[in-house]
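# Topology and contacts: notes
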Amino acid sequence: MYSEWVSLSSQISADSCAAQSSSVLNKFPASAGREVTVSVVRQLASNLGITQNAEPSHLVRDEEVNWCMDVICFGLSLPLQEHETIKDCVNVYCEWLTSLHPQPRISVPKPICEDANMYCRKIISHFHNLFVPRQGESADTINRQAVLCHRVLRTLQQTAQISQTMDRKTWEALLLFLLAINEVLLAPPTVKDDVGDQLCERVLSVLFEVWLLACVRCFPSPSLWKTLQESCAMWRHRMALIDQWNRVNLALTARLLEFTYGPAFPELKISDEDAQLIPADMTNDCVAQTWYRFLRTIGNPTALCSPHIISKSSHFMQWALTHDKGAETYQHPCLQALPQIFLKAIKGISNQVDAFLGLTKAALIGLTSARLSATQAPLTPNSGPPSSNSLTSLPSLGFEQRPALAVARPKCNSILHLFGEWLFEAAHIGGDAWMLNTKKQATEASKRPSSMIMENRKGSISLSQPNSLNDPNSLPPSLTIDKYESGRAEAIGTLCKIFCAKKTGEEILPVYLARFYMALQQCLKITESKECDETLASILLNSSDLFRLDLNGVQVLLPGFISALEIVLPDKDLKIKTQAMLFNKTELRRASINILLSILTLPLHFQTLPIRDLTNESPERIVTFIQLKPRLINILMNALQVETDAQNTHMLLGGLLLTVQDAVTFEETELAGTEHLHAASPTPGDTNLLSSACSERSASITSAGNSSLGGHSAATIGGVGGATLASGSAAMTGGSGAYAGRDNSSQHDFPSITISDDFPMELLHEFESASVYDNAHALFVRATYLVCHRLISSWKTDLNVSLAALELLSGLARLHIRDSESLVKIEEPSQNLTIISTDALECKRAVKWICDYICYQCSRPPPAHSKDLHSTIVAAFQCTSAWLMQHPYLLQDKDCLQTVLEVVELGISGTKSVSKTGDIPKFKDEKELKPASMRVRDAAESLLTIILEQVGYFPSECGPESISSLLDEVALMKHCNSMPEGTSAGSGGTGGLSITTEQAIAKFKYFVTENSTILALLEEPLGNAEDPQPTVTLLIRGPFGRHAWTMQLRHLPRSKSGTKYHAVNPGRPIPMNDTPLRIEFDQKFFPDGVDKVTPCVADYSIPTLEQIREQYGIENIRQLETMIENQSIDEKLAWAATDNSADSLSHAQESVPPSVCHEFQAARLFLSNFGFLTFEERNPNNPAESLGAPAQRPLIVLDTKRNQFAQELGMLDKLSARTYDTVHVFYVKTGQTMAQEIIGNMSDENVRTLDAHFGHMLLTLGWPVDLEEHSGWTGFINTSWSLKNATQREAEKQTNNRFPQSTNINNDLRFNGESKVLYWADVSSEIAFVVPTEWNLHCEIDGSCLSLCSSHSSGDSLQSSALSVTTGNVWARTSDVSSDAVKTLRSRNLSLELDTKMGGSGVSAAGTKEPIPPTRRKTNAMKPSLQAQTPAKIFLVWLESFEDHLNFPIDDLLAYTRTGEETQALQIPRASDCHVIFLHALQSGLLRVKLQGPTGRMSFATPLVDGMVLSRRVVGNLVRQTAHNMAKRRRLDNDNFQPPHVRRRLKVQDIVQKYKMDLSEPELLAHLFKSAV
């Protein structure tokens, strides 16, 4: 930099010598000079005003002043015993220096005031004598010298600051003086407590501070800068030099950043004292020039790693020559601090890099503070913020809060231009390349003599080269190259930070990439001891983003990083190289997991692509990406098994589901039934994912008591790459959980999956004998078992980990793994061959684990029951429903069915009927309902409903868009015989008559049973061509939806009652026409002998006619007689008429059947036959029953004639029986920060310019649906859960025409909710994916329905016959059911129910007798307020440039994401409450994930994790699962959330309170005989 400029070092030496010999008193004996000095100086000091008032100086001529200065110069060089004289000399000179001040002191001689600069330069040169170290002085005198030196330094610094008259010569003299005294004090080797040691920091700080001041007042010449650089190189063995260098550099950097990048750039936080180092009036250009020059002051910091270079000075040579036993210069004790000095220098550079990247730190430890002791333990670089390993210390699960990089940060190339050379060299310290260069330099240097040393052995002088260059082993133990590892670790960590700061589209010079990769390759080399050193830890801590940035060729580092991860992650106790390493192990594991999540998808993405070896050590061995897959999975499994930190476990669970999902999807799409990768894959022994010790290729195990195998059985594993495992009793101790004998001769580079005490031995054999190695099925089995076991053993007490594990299990349940011949063949000599499906066994075991988890959580003591605990139980019920929905065959297993139903019983009632095996069952009527909480009971009821209604039947033929029937009263009335021809539904009908909802409701009778279910009964048949039968049509509105039934009362089955015989002549005999004779005889009222019977008292109890006549009067008797006589006459006339009629028996006639009856009162028959009219009878003799509260009526009649009844039913129908959520999708082009720009990307002219992969990703999120034919959630309240007739469609088209539409719009991506959306649903939830456009800002979305956040349920399905509603089955491609299941679905074509891939939770079964307690929800149960929490706003954002996520305008985009729910929520959605999933497409074809959301306890859901890298194969599935889980967690965390079936039940109760008719039992029965209007 200054190669063409002359150094002033020789001038400094000359001035030093001149100052020491300039006094004439040096010509005289020392005693004479001392006497003169004492006399003169005492007199001069007396006039300074220190002990008495100051007086004007008597020195009026130049000769007088020069003579006195000659004396003072000699006085400053006196021995320290003359302390008072030296002190007076200092005082005089300090007073005279005020001649440069604006107001000089009165005691300053007049000649000095007249020519202050010349005299002050002379004074400054004389001060040199004061700083010269005196030999052999005591500590006390040295301290006195130091005090005087401090006084001089303070005076010079003050003069430089306030003087306005200093010229350039004086400035240069001052700077050269400061350089000289630093040279004389600091250049010699450090000796503890000498004057140089005491003044070291002070003289350096004054030098740098005055130098900075000179840069403003009189910028130093290049020669001065060169001299400063050369001088600092001689002081590098002083730690204070690096401290002050760092201090000045950071202060200058802070000022540089202010004007270079503006106020928006993150401020570099330094202390106020350091900030004052830079003069306020320093210009920006001066700051830049000064900053760069100071940065280069100490030269290359890597020279600190070479003691022979640092000690190459005359002072060290003098020490070596005068040493008693003879020594090399680099063996001086002071050089033992070089490793710590090197670390400080690299840390200073690292902090400057952080400043340029915007990673500001509040405190710079060890950089600007006092120097550290040389014996202090080295600090681990960037160990990260402290955190605890305890799970209980994490109040919230937030993602790693690493400081964000500045948006306006410089390019990586710019930073590397400044610091790259030093950092690259420092990173190679101790590496192979560094060793080769060192040997090369030593060889060259040995050819020429460079120093003269004394050899004591021979007593002669010889020319030789210090052997440190040739023999590194000759260095002291404290200076070996490994002692510099801390600095090397800091350097490589800083390089990782620089390269991880690459922006999207930024180019880094290939030479920098190559040097970086080489440095990493060297630093990632794993030693045989497999210990974690500081370098490895620093790389992992700072390389989280390395594989997410599209760095060219970064994949060559993959094997090295995998080896590093195998050191850190799989073992519970990390092997640390030295205990002096201070870093947080949890943070190290977290950083390692981040790296792991970014490389999990690489093997299946690049497959057989070879990986170059930078070192070319083994060119014959080619490593492909797919060969690394087993090692990655082993790392993942082992890490998950030993991890104790909640956040780390959360991340690993997300990575595990990603791995399994990617493997499953890869086999489905890429392999397509072929196994072409087996040739490139490792051998089966290397890829056994299920083996509990996969580094041992074959392990013999015992069955550990497994009686199914016996003592001599052999399990043969079918499939590609199978192996045979033989049982042996000597290989393993039964039940110990660890191998007793292993084949240790087989060593591999990756660790094995070890079985800890957590893994019971009885399941070990099943893993050993799993099917094909290294496939999706094996991975599924291993993941399911591991997560289930850790969930029940270790994770059950942590909310977030439990939720993440249950989310992962739900995701595993939904995976459809292709047929992998996963059969275990068990051969027994005494038995036939038995084949067992491992899939069913694994799924059954998983359900059993989850049920055990629920039982354990419910059985915890009352103090442990909290909101969080109940949230985990609810999530476990939902997870169970997912497994049962996806694997319905599990309910065919008796044990599994019993286990699940026992858990449901436990959730509903709080106890099991049979708590222990052998106990007498306790029936439902005998138990007291004490569920763990109402939330748990709701979840258990939901699961029960799913089991009884949906498992094996979802989706119906109508698809998953509705689990309720789409038929309502109006639709049913259209099919009634009583409706005239041409009648249409809806008031807007155009063809013939129309029927309104109120008119249709009037045809029905409405009853409520169990205070939760509304029965609408229609007694008219639905247009049957058959003979009329007692027919009733029901609409059942319950907690789980609306369902339609039709029932007929038949006395014969349809097969026998279908044939009718209507012959004209049945062939009966001809009747005889003889008229029968009628015999007349008198009636006898009493027997003939009645008069002979003797009367008794009882006979007289019946009064005689005379007694009656007397009692009631003659008139009444006469009236009775007249009535009897008239009746007799009428009967005789009737007989006569009968005899003469054609129907009489005397006339021949044919028997004909009676006319068919059309009036059956079917509603009464139905209610009676189904037990709804059974009234409870009370025992009047039992006071408890007679005085108790009246029992709830089994049937309540609703008054349908009252106003608003139809509207209330409509509001109930608008309450969905499932939860529903909306995800809004946005596309952000590079640099877009305005909402209108982002929305405009979906317009006609822009949609074709979008990334094609964005459109493909959209179609993997859900199914495109046409809103006109869609009956589910649409993303908008007013268009959801209803099917529109043709009239309504026309009306909506006319409404939509008010908004401008483009005819050329790309309808493939127009999912804005105007006509199409993307939709996905399962049995308990619905999700709509909406891509907003300008239309969404103006559309009318405010609906009148009250349906808000719903829950997890399915609909009641007690159907018995067939009412089919045909809709387009757009879901056929998604339903994965067998042909038998399809037949079953077609037989259940009465209502519309639907399909899912995700299980929700179900609710109460139809036959439950237990009433809902009136104290259900104390806050708002009996007052069905339907307000709810603000719906979760979830955004999915596709980024072209990753940095745009920092400026994503959430606030402005909220207006485009209205769904109609906002008006009913408690608060308006805020940007801080939004969950955002950012996706950034990498050049490799992978996708980088960035999550952003509220910092709540349960905000971040799996499987996506911040920083994860995905394959395009799985992005849609994982994004959908993550959004779904985010919404579920938000509902779990909301105290006021009511599941959908509870909200529907409360709405029914509200309708009952408003419209019930208080009828007595007789009035109710009479009401049944009245027909509807």
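Residues numbered from 1 in each chain as written. Predicted model: local features only at pLDDT ≥ 70, side-chain atom pairs only at ≥ 80, totals over all residues. Heavy atoms only, no water.

## A closer look at the overall build of the chain
Secondary structure assignment for the chain yields 52 helices and 24 strands. Buried residues in the chain amount to 53% of all 1573 residues. A sequence separation of at least 24 residues applies to 78% of the contacts in the chain between residues at least 6 apart. For the chain, the computed accessible surface area is about 70,900 Å², with 53% contributed by carbon and sulfur atoms. (Helix = DSSP H or I, 4+ residues; strand = E, 2+ residues; numbered from the N terminus. Buried < 20%, exposed > 50% of the residue type's maximum accessible area, 1.4 Å probe, protein only. Contact = heavy atoms within 4.5 Å. Areas by Shrake-Rupley, 256 points an atom, 1.4 Å probe, with all protein chains shown as cover.)

## Some points on the confidence of the model for the chain
Looking at the chain as a whole, the pLDDT averages 74, with 69% of positions reaching at least 70. Per-residue pLDDT stays below 50 along residues 675-773; that stretch engages in 190 contacts with residues further than four places along the chain or on separate chains. Counted against residues more than four places away or in other chains, residues 1298-1307, with its pLDDT under 50, gives 17 contacts. (pLDDT = per-residue confidence, 0-100.)

## Focus: the sheet that holds strand β15 (residues 1196-1198)
Taken together, 6 strands build an open sheet; the order of strands is β14-β13-β12-β11-β15-β24 and the sheet is antiparallel. Edge positions in the sheet fall to β14 (1041-1048) and β24 (1556-1557), since each of these pairs with one other strand and no more. Note: strand β11 (residues 1005-1009) against strand β12 (residues 1013-1018), 5 bridges, orientation antiparallel. Residue F1007 lies in a different strand from β12, and its bridge partner there is L1015. (Pairing = 2+ DSSP bridges.)

## Focus: the packing of helix α45 (residues 1252-1261) against helix α50 (residues 1515-1532)
The relative placement of two packed helices comes down to the angle between their axes together with the axis-to-axis distance. Orientation of α45 relative to α50, taken along the N-to-C sense of each, is 55 degrees, at an axis distance of 8 Å. For the element pair α45 / α50, the angle class is oblique. The two elements α45 and α50 cross, and the hand of that crossing is right-handed. In this structure, α45 contributes M1257, T1260 and L1261 to the contact, and α50 contributes V1515, G1516, N1517, V1519 and R1520. (Axes fitted to C-alpha atoms, helices over the stretch in contact; angles between N-to-C directions. Parallel < 35°, antiparallel > 145°, perpendicular 65-115°, else oblique. Left-handed = near helix turned anticlockwise from the far one by under 90°.)

## Observations regarding the packing of aromatic side chains
Tallying each qualifying case throughout the model produces 32 aromatic pairs. Measuring from centroid to centroid gives 6.1 Å for F424 and Y512, while their planes differ by 20 degrees, and the two rings are stacked. You can see F424 sitting in helix α18 (residues 412-427) and its partner Y512 sitting in helix α21 (residues 510-523), a full 88 residues away along the chain. Its relative accessible area of 0% is what places F424 among the buried residues. Put simply, the rings of F208, W211, F219, W225 and F294 pair up and form one aromatic cluster. Between the NZ or CZ atom of K796 and the centre of the ring of Y856, over which it lies, the distance is 4.8 Å. Between R1488 and the ring centre of F1442, over which it is positioned, the NZ or CZ distance is 3.7 Å. (Phe/Tyr/Trp six-rings, centres within 6.5 Å; stacked < 30°, edge-to-face > 60°. Lys NZ or Arg CZ within 6 Å of the ring centre and 35° of its normal.)

## Re α45
Among the residues of α45, F1254, G1255, M1257, L1258 and L1261 are the ones counted as buried. Buried residues in α45, looked at end-on, bunch into an arc of 160 degrees, giving them a common side. In this fold, the buried residues of α45 make contact with β16 (1219-1228), β18 (1316-1321), β19 (1325-1330), β20 (1434-1439), β21 (1475-1481) and α50. Between the side-chain oxygen at the start of α45 and the backbone nitrogen of H1253 there is a gap of 3.0 Å, and the oxygen is on D1251. (Arc of directions from axis to C-beta. Polar contact = N/O pair within 3.5 Å; in protein donor to acceptor, adjacent residues only side chain to side chain.)

## Focus: the packing of helix α34 (residues 934-950) against helix α51 (residues 1540-1555)
Interhelical geometry of α34 versus α51 gives an angle of 100 degrees and a closest axis separation of 10 Å. Taken together, α34 and α51 sit at an angle that is classed as roughly perpendicular. Contacts between α34 and α51 pair D938, E941 and S942 from the former with H1541, V1542 and R1545 from the latter. Here the residues of the contact of α34 with α51 are counted per class, giving 1 nonpolar, 2 polar and 3 charged. (Nonpolar A, V, L, I, M, F, W, Y, C, P; charged D, E, K, R; others polar.)

## Quick look at the pattern of salt bridges
In total, this model carries 41 salt bridges according to the counting rule given. R1531 serves as the salt-bridge partner of D1221, at 2.9 Å between the closest nitrogen and oxygen. Of this pair, D1221 sits in strand β16 while R1531 sits in helix α50, and the two are 310 residues apart along the sequence. Exposure class is identical for D1221 and R1531. Each is buried. (Salt bridge = Lys/Arg side-chain N within 4 Å of Asp/Glu carboxyl O.)

## Details of the state of the cysteines
For the structure on display, the rule yields 0 disulfides. With no disulfide of its own, C215 lies 5.4 Å from the sulfur of C286, the closest cysteine sulfur. (Disulfide = S-S within 2.5 Å.)

## Focus: unusual backbone geometry
Across the junction of F954 and P955, the peptide omega takes the value 0 degrees, indicating a cis bond. Looking at the element boundaries, P955 is found in the loop between α34 and α35 (969-973). The omega torsion of the bond from T1502 to P1503 falls at 10 degrees, within 30 degrees of zero and hence cis. Within the chain, Q607 stands out as a residue other than glycine whose phi angle is a positive 55 degrees. Following the sequence through the fold, Q607 ends up in the loop between α25 (602-606) and β3 (610-611). In this structure, Q1204 takes a positive phi of about 70 degrees despite not being glycine. Its location among the elements puts Q1204 in the loop between β15 and α42 (1205-1213). Residue class for Q1204 comes out partly exposed when judged on its relative accessible area of 46%.

## What about the pairing of β14?
For β14, the buried fraction is high: 7 of the 8 residues fall into the buried class. Bridge count between strand β13 (residues 1031-1038) and β14: 8 bridges; the pairing is antiparallel. Residue pairing in the sheet places R1037 in a bridge with R1042 of β14.

## Points about the nonpolar core
Grouped together as the largest cluster of nonpolar side chains are 324 residues, with contacts concentrated most on W96, F499, L546 and W883. At 13 residues, helix α10 (residues 195-217) tops the list of elements feeding residues into this core. Look past the residues within four positions of W96 in its chain and what remains in contact with it is L44, L59, C68, M69, I72, S107, V108, P109, I112 and I123. A971, C976, L1022 and L1198 belong to the second largest nonpolar core, which has 29 residues in total. (Core = buried A, V, L, I, M, F, W, Y, C linked by side-chain atoms within 4.5 Å.)

## Describing the environment of H605
Within the element layout of this structure, H605 appears in helix α25. The spatial distance from the C-alpha of H605 to the C-alpha of G1485 is 8.6 Å, given a sequence separation of 880 residues. In contact with H605, other than residues within four places in its own chain, are S1484, G1485, L1486 and R1513.

## Side note on the pairing of β20
For β20, the buried fraction is high: 6 of the 6 residues fall into the buried class. Side chains of β20 alternate between two faces, with I1434, L1436 and W1438 and F1435, V1437 and L1439 buried alike. Examined bridge by bridge, β16 and β20 share 6 bridges and lie parallel to one another. By the bridge assignment for β20, V1223 is matched with I1434.

## Overview of the sheet that holds strand β17 (residues 1263-1266)
Here we have 8 strands laid out as an open sheet, ordered β17-β18-β19-β16-β20-β21-β22-β23, and mixed in their pairing. The sheet is open, and its two borders are formed by β17 and β23 (1509-1510), each paired with just one other strand. Across 2 bridges, strand β22 (residues 1487-1492) lies against β23 in antiparallel orientation. Bridge pairing in β23 links L1487 to L1510.

## Concerning the environment of F1500
Structurally, F1500 can be placed in the loop between β22 and β23. Sequence separation of F1500 and A1523 is 23 residues, and the distance between their C-alpha atoms is 9.8 Å.

## Remarks on the environment of E643
Tracing the chain through its elements places E643 in the loop between α26 (629-642) and α27 (646-671). Overall, E643 belongs to the buried group, its relative accessible area being 3%. Taking the C-alpha atoms as reference points, E643 and L569, 74 residues apart in sequence, are found 8.3 Å from one another. Not counting chain neighbours up to four residues away, the residues in contact with E643 comprise R589, I593, N648, T649, L652 and R790.

## Re a negative patch on the surface
A cluster of acidic residues, D62, E63, E114 and D115, forms a negative patch at the surface. Tracing the backbone through its elements, the reader meets E63 in helix α3 (residues 62-76). The exposure class assigned to E63 is exposed, which follows from its relative accessible area of 54%. (Patch = residues over 30% accessible without salt bridge, like charges linked within 9 Å, V, L, I, M, F, W, Y side chains within 5 Å. Lys, Arg positive; Asp, Glu negative; His and termini not counted. Charge placed at Lys NZ, Arg CZ, Asp CG, Glu CD.)

## Quick look at a nonpolar patch on the surface
Taken together, the side chains of F1085, F1086 and V1090 present a nonpolar region at the surface, about 380 Å² in accessible area. Along the chain, F1085 turns up in the loop between α37 (1054-1057) and α38 (1105-1112).

## A short note on the side chain of T297
Mapped onto the elements of the fold, T297 is located in the loop between α14 (284-295) and α15 (307-310). Of the residues examined, T297 reaches a relative accessible area of 2% and is grouped as buried.

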